[in-house]
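In case you want the letters, here they are:
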Amino acid sequence: ISFYCTARAALLTGRLPIRNGFYTTNAHSRNEIVGGIAYSEVLLPELLKKAGYVNKIVGKWHLGHRSKYHPLRHGFDEWFGSPNCHFGPYDDKQQPNIPVYRDWDMIGRYYEDIEINHKTGESNLTQIYLQEALNFIGKYGSTKQPFFLYWAIDATHAPVYASKPFLGSSRRGLYGDAVREIDSSIGKILELLKNTGIAKDTFVFFTSDNGAALISAPNQGGSNSPFLCGKQTTFEGGMRVPGIAWWPGHLPPGQSSRTSPQVLDDALEEGAKRVEHGRFNLNVHKVSHQLSNIMDLFTTSLALAGIDPPKDRPIDGIDLSPVMLEGKVTDRPIFFYRGNEMMAVRLGLYKAHYWTWTNSWEELSQGINFCPGQNITGITTHDQVEHDLNPLLFHVGRDPGEKYPISVLSNEYQQVMPRISYVVGQHKESMIPGEPQLNVCDLAVMNWSPPGCEKIGKCLNPPESKPWKCVWPH
């Protein structure tokens, strides 16, 4: 978990960030990062491309903003979007604005050529991203060419934005407006798949890479209720997110699951879910309690495409197709990392915390809080507290908010923890960390003069290179 999207690296490699190198050993990291996804990693679009797929990414890449880490060097054939999120606006003097790319070249910068109004929150960016997706599907949907579309929109990331028809349309303010526009866009994508006659040949999965950022709430962020805390923590509110799979004629309708950025998890418990504007109704009749994570989408996608995953490295994601297609359930653990530290582990309905930490006292004193209104003594700690001898154990079925740790003296604790300890021991014995990519920062490597800048007069002079050890207080 960090500002640098480790979950996206996990999704596209099927591997924990500690393995694929998308982590840091010194603190958490930001946009001046020197590194990116390692060339030694094999990404999902690379494997699909070898099998004849054409691949497109729409939206945020966030796996390295230097040209050497460009997504078209990692199996994608087309790209419309940005290397980082739409932070800013920057002044283009101390920090450059984030560029927007079409394929190999930038076509402009956020807040200059792609407008996002800070005062009103108005922006057509989601509609632009939607049209890119529709054009791509329309181009290949009428052919026999298999395709992979990675639609990585970011409208609900602060600063939140929505287009004019959606502004003021929800009861949840601007954040709700952005969600409604995303819902509408998904509906249009699904409608196009139906209208082109390829719905039964197209597997669609929608999820998020982390829980809502409560630091941005209530105006710029969502709610993770009833789960504890939010993005940038390893509590359930930071990790557990909704996930919807759609494949007409293959997936039985009326099934749903809660998922997480490192976890596609326990079933949605609402009786029915409606995706507004999209004319897409999901009536929940039965649920799957399969414990899953975003890395499983790597292995599952390969299985559905008839491709074997790489055999020369550990793959952490499992194939969920037997779960989705046959209703089977596989017992497996989920490991929660923060940087290079294993913070917690899920096994069935139990979750054990080996470390607790929300964010630093220094940040809290500045009003930065990842768990607003959720101060639980000994659990939401602002010091990094180790619980290795007696991990904090929760039953997240009975206690999804992680408020009531099971007593160390109880029979339940004595029965469950040996099983978890064994799994953790095996995991740590076999773990060979990758080379950390997020340790070094340098202002000179930011987006001063991206490829194509000279064509549109958007090149900026970088400062002198002065690398430093990245520091981020959470």
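Keep in mind that this is a model prediction, so the values were computed, not measured. (Residues numbered from 1 in each chain as written. Predicted model: local features only at pLDDT ≥ 70, side-chain atom pairs only at ≥ 80, totals over all residues. Heavy atoms only, no water.)

Visitor: What's the story with the domain arrangement of the protein chain in this structure? I'm lost.
Guide: For an interface, size is often stated in terms of accessible area lost upon the parts coming together. Domain boundaries assigned for the protein chain yield domain 1 (3-203 + 247-332) and domain 2 (341-430). At the interface, 7 residues of domain 1 touch 6 residues of domain 2. In total, domain 1 and domain 2 occlude about 540 Å² of area from one another, counting both sides; carbon and sulfur atoms represent 48% of this. Counting the contacts that link domain 1 with domain 2 gives 0 salt bridges. (Domains from an automatic or database assignment. Contact = heavy atoms within 4.5 Å. Buried area = accessible area lost by both parts, 1.4 Å probe. Salt bridge = Lys/Arg side-chain N within 4 Å of Asp/Glu carboxyl O.)

Visitor: Explain the pairing of strand S14 (residues 350-353) to me, please; I cannot follow it from the model alone.
Guide: On S14, burial covers both faces: Tyr350 and Ala352 on one face and Lys351 and His353 on the other are all buried. For strand S13 (residues 341-347) and S14, the ladder comprises 4 bridges, and the chain directions are antiparallel. Bridge pairing links alanine 344 to histidine 353 in S14. The sheet contact formed by S14 and strand S17 (residues 392-395) spans 4 bridges and is antiparallel. Bridged to tyrosine 350 within S17 is histidine 395. (Buried < 20%, exposed > 50% of the residue type's maximum accessible area, 1.4 Å probe, protein only. Helix = DSSP H or I, 4+ residues; strand = E, 2+ residues; numbered from the N terminus. Pairing = 2+ DSSP bridges.)

Visitor: Help me out: how do you make sense of the packing of aromatic side chains in this one?
Guide: Aromatic ring pairs are defined here through the distance separating the ring centres and the angle between the ring planes. Overall, the coordinates contain 10 aromatic pairs when judged by the stated rule. On the numbers, 6.2 Å between centres and 75° between planes, the contact of phenylalanine 80 with tyrosine 129 is edge-to-face. Of this pair, phenylalanine 80 sits in strand S2 (residues 78-82) while tyrosine 129 sits in helix H4 (residues 125-141); the two residues are 49 residues apart in sequence, bridging distant segments of the chain. For phenylalanine 80, a relative accessible area of 3% puts it in the buried group. Taken together through their ring pairs, the aromatic side chains of Trp61, Phe76, Phe148 and Tyr150 make up a single cluster. Over the ring of phenylalanine 336 we find lysine 351, and its NZ or CZ is 4.5 Å from the ring centre. Note that lysine 428 overlies the ring of tyrosine 354, its terminal NZ or CZ placed 5.9 Å from the centroid. (Phe/Tyr/Trp six-rings, centres within 6.5 Å; stacked < 30°, edge-to-face > 60°. Lys NZ or Arg CZ within 6 Å of the ring centre and 35° of its normal.)

Visitor: I keep staring at helix H5 (residues 173-195) and nothing clicks. Help me out?
Guide: Think of an α-helix as turning once every 3.6 residues; residues three or four places apart then point the same way. Relative to the 33 Å expected for 23 residues at 1.5 Å per residue, H5 spans 33 Å between its end C-alpha atoms, a close match to the ideal helical length. Counting buried residues along H5, 17 of its 23 residues qualify, which places the element largely inside the surrounding structure. Immediately beyond the C-terminal end of H5, within one or two residues, lies glycine 197, with a positive phi of roughly 75°. (Expected span 1.5 Å × (residues − 1).)

Visitor: Would you explain the sheet that holds S17 in this entry?
Guide: Neighbouring strands of a sheet are bound in pairs by backbone hydrogen bonds; such pairs are parallel or else antiparallel. The antiparallel open sheet is built from 4 strands, whose spatial order is S12-S13-S14-S17. Across the chains shown, the open sheet's two edge strands, defined by having one partner strand only, are strand S12 (333-338) and S17. When the angles between neighbouring strand axes are averaged without regard to direction, this sheet yields 20°. Together, S12, S13, S14 and S17 form the strand contacts of helix H10 (residues 411-430), whose direction differs from that of S13 by roughly 125°. (Axes fitted to C-alpha atoms, helices over the stretch in contact; angles between N-to-C directions.)

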